[in-house]
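Geometric and topological summary
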Amino acid sequence: MNVKIAESWKNQLAEAFEKPYFLNLINFVKEEYATQTVYPPGNLIFNAFDKCSFDDTKVVILGQDPYHGPRQANGLAFSVADGIPVPPSLINIFKEIKEDLGKPLSKSGNLERWASQGVLLLNATLTVRANTPGSHQGKGWEQFTDAAVRCVSEKKDGVVFLLWGAYAQKKGSIIDAARHHVLKAKHPSPMAANYGGWFGCRHFSQANAYLSGRGETQIDW
């Protein structure tokens, strides 16, 4: 299958693209796009892999579903397209960055600026039917994104994994914590964050300190 992703990811995931489950998944996704309103736009399904190559990946943030509202999803976890109001979870992420690093709150929710610095913003499920969260779960996306996470874990060293919430932490159980820096916190959604465990996690300064210690360039969050 020919998909728009960075060449290094295409090489790393070549085997996954040929698995029977992936071929079944693509047939399902094609049918959904033909008969339903589905997000993100088809050309952005693999945007996380296109905007952050395997070779450049030094931080991984795991999300769950793409946003399911009109014009929100742009193929990057927690990110929204330019000109779209910043969602509540991302507002809380920006608030923590402000407290952690002293940076002003970002007015743009488009996180391509992170991806271009080596932050893989990976949702577990890469597509969703409009206004129906979870609608494309259990169709094969999770196996594919597990393959990507496993690939980073097994073939790279010293990557920072930011696991926010129980879902991400369960998915992250396949990460080799002896080779990588794994940080865990509550999910930044208002429902979880307001009960403690998100604000004050200081993941952004911790990630940068770890990267600096390895001689890597810090992320401009």
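A few points on the structure. (Residues numbered from 1 in each chain as written. Predicted model: local features only at pLDDT ≥ 70, side-chain atom pairs only at ≥ 80, totals over all residues. Heavy atoms only, no water.)

Secondary structure summary: the protein contains 10 helices and six strands in total. For the protein, whose C-alpha radius of gyration is 17 Å, the value lies close to the compact-globule estimate of 17 Å for 221 residues. Across its three principal axes, the protein shows a C-alpha extent of roughly 45 × 35 × 25 Å. When each of the 221 residues of the protein is scored for burial, the buried share is 51%. (Helix = DSSP H or I, 4+ residues; strand = E, 2+ residues; numbered from the N terminus. Rg over C-alpha atoms; globule rule 2.2 N^0.38 Å. Buried < 20%, exposed > 50% of the residue type's maximum accessible area, 1.4 Å probe, protein only.)

If you trace the four strands from one edge of the open sheet to the other, you get β3-β2-β5-β6, paired in parallel fashion. The open sheet is flanked by β3 (119-123) and β6 (181-185), the only strands paired with a single partner. Each adjacent strand pair in this sheet contributes to an overall mean axis angle of 20 degrees, direction not counted. Along the sheet, helix α7 (residues 141-155) contacts β2 (59-63), β3 and β5 (160-164); its crossing angle with β3, the most-contacted strand, is approximately 150 degrees. (Pairing = 2+ DSSP bridges. Axes fitted to C-alpha atoms, helices over the stretch in contact; angles between N-to-C directions. Contact = heavy atoms within 4.5 Å.)

Another aspect to go through is the pattern of salt bridges. Counted by the stated rule, this structure contains six salt bridges. Close ionic contact of Arg 129 with Glu 32 constitutes a salt bridge, the shortest N to O distance being 2.8 Å. Taken as a pair, Arg 129 in strand β4 (residues 128-129) and Glu 32 in helix α3 (residues 20-35) lie far apart in primary sequence, 97 residues in all. The class of Glu 32 is buried, set by a relative accessible area of 7%. The partner of Asp 100 in a salt bridge is Arg 202, and the shortest N-O contact between them spans 3.4 Å. Taken together, the positions of Asp 100 in helix α5 (residues 88-101) and Arg 202 in the loop between α9 (190-193) and α10 (203-213) put the pair 102 residues apart, joining distant regions of the chain. (Salt bridge = Lys/Arg side-chain N within 4 Å of Asp/Glu carboxyl O.)

Along its 14 residues, α5 runs 20 Å from first to last C-alpha, staying within 8% of the 20 Å computed at 1.5 Å per residue. Inspection of α5 places Ser 89, Leu 90, Asn 92, Ile 93, Phe 94, Glu 96, Ile 97 and Asp 100 among the buried residues, and these make up the whole buried set. Tucked into the core, α5 has its buried residues touching α6 (112-115), β5, α9 and α10. Looking one or two places after α5, you find Gly 102, whose phi comes out positive at around 75 degrees. (Expected span 1.5 Å × (residues − 1).)

We now examine the environment of Asp 100. Given a relative accessible area of 9%, Asp 100 falls into the buried group. Separated by 106 residues in sequence, Asp 100 and Gln 206 have C-alpha atoms that sit 9.4 Å apart. Looking at Asp 100, its side chain comes within polar contact range of the side chain of Arg 202, at 3.4 Å. There is a polar contact of 2.7 Å between the side chain of Asp 100 and the side chain of Ser 205. (Polar contact = N/O pair within 3.5 Å; in protein donor to acceptor, adjacent residues only side chain to side chain.)

Next up on the list: the side chain of Glu 96. Take Glu 96: it is sitting in helix α5. It is Arg 202 that comes nearest to the buried, bridge-free Glu 96 among opposite-charge side chains, at 6.0 Å. With near-sequence residues (within four places) excluded, Glu 96 lies in contact with Trp 198, Phe 199, Gly 200, Cys 201, Arg 202 and Phe 204. (Lys, Arg positive; Asp, Glu negative; His and termini not counted.)

Next up on the list: the packing of α3 against α7. Direction vectors running N to C along α3 and α7 enclose 125 degrees, while the axes themselves pass 9 Å from each other. As summarised for this structure, α3 and α7 are arranged oblique, according to the angle between their axes. Here α3 and α7 pass one another in a crossing that is left-handed. Between α3, through Tyr 21, Phe 22, Leu 25 and Val 29, and α7, the contact on the second element is made entirely by Trp 141, Gln 143 and Phe 144. Here the contact of α3 with α7 is composed, by residue class, of six nonpolar, one polar and no charged. (Parallel < 35°, antiparallel > 145°, perpendicular 65-115°, else oblique. Left-handed = near helix turned anticlockwise from the far one by under 90°. Nonpolar A, V, L, I, M, F, W, Y, C, P; charged D, E, K, R; others polar.)

Before going further, it helps to examine the nonpolar core. By size, the foremost hydrophobic cluster in this structure holds 68 residues, and its most contacted members are Phe 49, Trp 114, Phe 144 and Trp 221. At six residues, the largest contribution of residues to this core is made by α7. In contact with Trp 221, not counting residues within four places along its chain, are Val 59, Ile 61, Ile 97, Leu 101, Lys 103, Trp 114, Val 119, Leu 162, Phe 204, Ala 207 and Asn 208. (Core = buried A, V, L, I, M, F, W, Y, C linked by side-chain atoms within 4.5 Å.)

The next thing to look at is the packing of α5 against α10. Geometrically, a packed helix pair is captured by the angle between its two axes and the distance between the axes. Remark: α5 packs on α10, axes separated minimally by 8 Å, with the N-to-C direction vectors making an angle of 60 degrees. Judged by the angle between their axes, α5 and α10 are oblique. Side by side, α5 and α10 meet where Ile 93, Glu 96, Ile 97, Asp 100 and Leu 101 of the first sit next to His 203, Phe 204 and Ser 205 of the second. A class-by-class count of the residues in the contact of α5 with α10 yields four nonpolar, two polar and two charged.

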